[in-house]
Amino acid sequence: PGYTNRFTYRWRATQYGASWYHSHFSLQYSNGALGPLLIHGPTSENYDVDKGPLLITDWFHVDVFSLYWMEIVDTADRTMFKPPAKLINGRGKFLVVNSCHDGTEPGCDPETCNRCVPDEGGYYKTGVEHGKVYRFRIINTSTATHYRFWIDSHEMTVIGTDFVPIHKYTTKVLNIAIGQRYDVLVHANANTEKSPNFWIRMRNCKNLPLNGKCPLSNATLCTWEESRQGILSYDLNSNQTADLNLEPDSGDLKCEDADPSLLKPVVPRTIPPPDDSPYFRNAFPVSRNKTNEVRHWSLVQSGQTFIIDWRQPALLLIQSGILAPDEWNSSYVPIMVNSTGPNQWTTFIIESNWTKIVLDMNPGLGIPDLDVQIDLHAVQGAHPMHLHGHDFVILHQGKEGELYDPEHPPELQLENPPRRDVVMLPNNGYVILAFRIDNPGSWLMHCHIAWHASNGFALQFVEDQRKILPLMVNNPDYPQVVQQLRQQCDNWQWWYSTECKYMGEVARQDDSGI
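Residues numbered from 1 in each chain as written. Predicted model: local features only at pLDDT ≥ 70, side-chain atom pairs only at ≥ 80, totals over all residues. Heavy atoms only, no water.

1. Description of the overall build of the chain
Turning to step 1, where the next piece is worked out: For the chain, the count of helices and strands is five helices and 32 strands.
Turning to step 2, where the next piece is worked out: Across the 514 residues of the chain, 48% fall into the buried class.
Turning to step 3, where the next piece is worked out: For the chain, long-range pairs separated by at least 24 residues make up 76% of all intrachain contacts whose partners lie at least 6 apart in sequence.
Turning to step 4, where the next piece is worked out: Of the roughly 25,400 Å² that the chain leaves accessible, carbon and sulfur atoms contribute 51%. (Helix = DSSP H or I, 4+ residues; strand = E, 2+ residues; numbered from the N terminus. Buried < 20%, exposed > 50% of the residue type's maximum accessible area, 1.4 Å probe, protein only. Contact = heavy atoms within 4.5 Å. Areas by Shrake-Rupley, 256 points an atom, 1.4 Å probe, with all protein chains shown as cover.)

2. Some words on the sheet that holds strand β13 (residues 181-187)
Turning to step 1, where the next piece is worked out: If you trace the six strands from one edge of the open sheet to the other, you get β4-β3-β8-β13-β10-β11, paired in mixed fashion. Every interior strand has two partners, whereas the edge strands, β4 (85-88) and β11 (164-171), have only one. Ignoring strand direction, the axes of neighbouring strands in this sheet form an average angle of 25°.
Turning to step 2, where the next piece is worked out: Strand direction decides the pairing type here: strand β3 (residues 49-59) and strand β8 (residues 133-140), joined by six bridges, are parallel. Opposite Pro53, over in β8, you have Arg137 as the bridge partner. (Pairing = 2+ DSSP bridges. Axes fitted to C-alpha atoms, helices over the stretch in contact; angles between N-to-C directions.)

3. Details of the pattern of salt bridges
Turning to step 1, where the next piece is worked out: Taken as a whole, this structure holds 11 salt bridges when the rule is applied.
Turning to step 2, where the next piece is worked out: The salt bridge involving Asp50 is made with Arg137; its shortest N-O contact spans 2.5 Å. In this pair, Asp50 is assigned in strand β3 and Arg137 in strand β8, connecting sequence segments 87 residues apart.
Turning to step 3, where the next piece is worked out: The residue Arg201 makes a salt bridge to Asp152 at a minimum N-O spacing of 2.9 Å. One end of the pair, Arg201, is in strand β14 (residues 197-204); the other, Asp152, is in the loop between β9 (147-151) and β10 (156-161), with 49 residues separating them in the sequence.
Turning to step 4, where the next piece is worked out: By relative accessible area, Arg201 is classed as buried at 5%.
Turning to step 5, where the next piece is worked out: Given a relative accessible area of 0%, Asp152 falls into the buried group.
Turning to step 6, where the next piece is worked out: Through salt bridges with shared partners, a single ionic network connects Asp162, Arg181, Arg420 and Asp421. (Salt bridge = Lys/Arg side-chain N within 4 Å of Asp/Glu carboxyl O.)

4. Focus: the packing of aromatic side chains
For any two aromatic rings, the description comes down to two numbers: the centre-to-centre distance and the angle of the planes.
Turning to step 1, where the next piece is worked out: Across all of its chains, the model carries eight aromatic pairs by this definition.
Turning to step 2, where the next piece is worked out: Ring plane angle 65° and centroid distance 5.9 Å describe the contact between Phe25 and Trp492, whose orientation is recorded as edge-to-face. Taken as a pair, Phe25 in the loop between β1 (17-22) and β2 (34-39) and Trp492 in helix α5 (residues 478-498) lie far apart in primary sequence, 467 residues in all.
Turning to step 3, where the next piece is worked out: Arranged with centres 6.1 Å apart and planes meeting at 10°, the rings of Phe348 and Phe435 form a pair that is stacked. Here Phe348 is found in strand β21 (residues 345-351), whereas its partner Phe435 is found in strand β28 (residues 430-436), with 87 residues between them in sequence.
Turning to step 4, where the next piece is worked out: On the accessibility criterion, Phe435 (1% relative accessible area) is buried.
Turning to step 5, where the next piece is worked out: Put simply, the rings of Phe348, Phe435 and Phe461 pair up and form one aromatic cluster.
Turning to step 6, where the next piece is worked out: Stacked on the ring of Phe163, the Lys or Arg Arg181 has its end atom at 5.1 Å from the ring centre. (Phe/Tyr/Trp six-rings, centres within 6.5 Å; stacked < 30°, edge-to-face > 60°. Lys NZ or Arg CZ within 6 Å of the ring centre and 35° of its normal.)

5. Observations concerning the confidence of the model for the chain
Turning to step 1, where the next piece is worked out: Averaged over every residue, the pLDDT of the chain is 80; the share at 70 or more is 76%.
Turning to step 2, where the next piece is worked out: Low pLDDT, under 50, characterises residues 277-290; the stretch is placed with 43 contacts to residues that sit more than four places away or in other chains.
Turning to step 3, where the next piece is worked out: Per-residue pLDDT stays below 50 along residues 357-377; that stretch engages in 36 contacts with residues further than four places along the chain or on separate chains. (pLDDT = per-residue confidence, 0-100.)

6. A closer look at the sheet that holds β9
Turning to step 1, where the next piece is worked out: Pairing within the open sheet is mixed, and its five strands lie in the order β7-β17-β14-β9-β12. Sheet topology places β7 (124-127) and β12 (174-176) at the edges, where each strand pairs with a single neighbour. Between one strand axis and the next, the sheet turns by 25° as a mean value, whatever way the strands run.
Turning to step 2, where the next piece is worked out: Bridge count for β9 against β14 is five bridges, and the pairing is antiparallel. Directly across from Trp150, in β14, lies its bridge partner Arg201.

7. Some remarks on α5
Turning to step 1, where the next piece is worked out: Over its 21 residues, α5 runs 30 Å from end to end, which matches the ideal 30 Å to within 8%, given 1.5 Å per residue.
Turning to step 2, where the next piece is worked out: Within α5, burial applies to Tyr478, Val482, Leu485, Cys489, Asn491, Trp492 and Tyr496. (Expected span 1.5 Å × (residues − 1).)

8. Some details on the environment of Asp183
Turning to step 1, where the next piece is worked out: Its location among the elements puts Asp183 in strand β13.
Turning to step 2, where the next piece is worked out: If near-sequence neighbours (up to four positions away) are discounted, Asp183 is found in contact with Arg135, Phe136, Arg137, Thr157, Val158, Ile159 and Gly160.
Turning to step 3, where the next piece is worked out: A polar contact is formed between the side chain of Asp183 and the side chain of Arg135, at a distance of 2.6 Å. (Polar contact = N/O pair within 3.5 Å; in protein donor to acceptor, adjacent residues only side chain to side chain.)

This is the structure we're talking about:
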């Protein structure tokens, strides 16, 4: 802040595939500070043409920072923070379709409905040649939306999840959570007699398609959404409508990952079993054995949310030799993960239990005269959990409404389980993840719904803390890196205390900082 800074990020590329870079400062990436990141390498299946990254995202027409407080405060009208548009590689048609018939049927007639928005913008369009196989790297970079994605009259052969090549499987539809990446092959073999153009579709996994019937007893609870968002064309010069090839949508409203049995990594791993003793129902109890220690993250019972002091990042504390957990600010929620030998793993049981707690909010958040009561709870819904610094293995993924029972723990998949870095935590459910302790550093685990991360749905873990400083010192660029780190912190301190003001007062940090 206050300076023109340029950074060079250098890391060892030990994996390959599709990902994305994005700002991790508060809600900044939701305003567009992001882009695709491709690391080229071999694939488990052959193809003819690489179409590159396909970024799918929701999009707001106002600055997302202006929506933050509307999102976290439980108001009567919570539609303000729902994204009004969606994009494929930056392009999209802006058309809000909601019912003006008391929720009983979809429809948008501008003559009778003041909720209609004109059809504006342009479709993403890509050309294919009949008989060839095309590779698409689909990346969900959304703020708040998990998408159901498909292409009319085409199947997708999935060959990779996140940075992990998998044995292929074929599907017509993919549910793609925020942060997740799917590497797919599309065979250009459709019947083009009606039209050479086919719709590329995406919709919120909780919304109905335009031709869908509300499965709920109270139809006013249903929302309809236009899913036609891009065009796959066998003739880019053709103006024929893709509606001639229109396919019905299944109307499935589940926001679930693909069946874990389908996600079989090409390079197999066998995971050492975690301690099978019962786990207590409070935040972060640790059950230890020699090769795999277990932590239970119960979101409500942890009793606190994550917040980082931008002026004092974790790496600076480590570089300064502050290593003991009790010397850290408790709001950092530091979890110390240390290895005592090779092939040591740690396991996290993450549970999203829906419980309401009334909390008094005292003044001190930078907003004048704020003294209200709010409902504090683990937000109901599915949460895309993302791990920094590692792939994790999915030992068990519970179903919606299924909470973890320590007296009857589930059977774990230890032989070649699914491996990725974003997994869907089911609504009011749980997931059991494990990763190998082999990458010293300060890392995050967080929900990738931007509102939730900004609201503190995260934890920080420091991995092999006593190995971090020697790695830094032994780097030939260490003096320059430390100088740059400290300079950046000084810059922030200056800007925050002198330039970042509201009504003449220094603005206070009002979110988690990530």
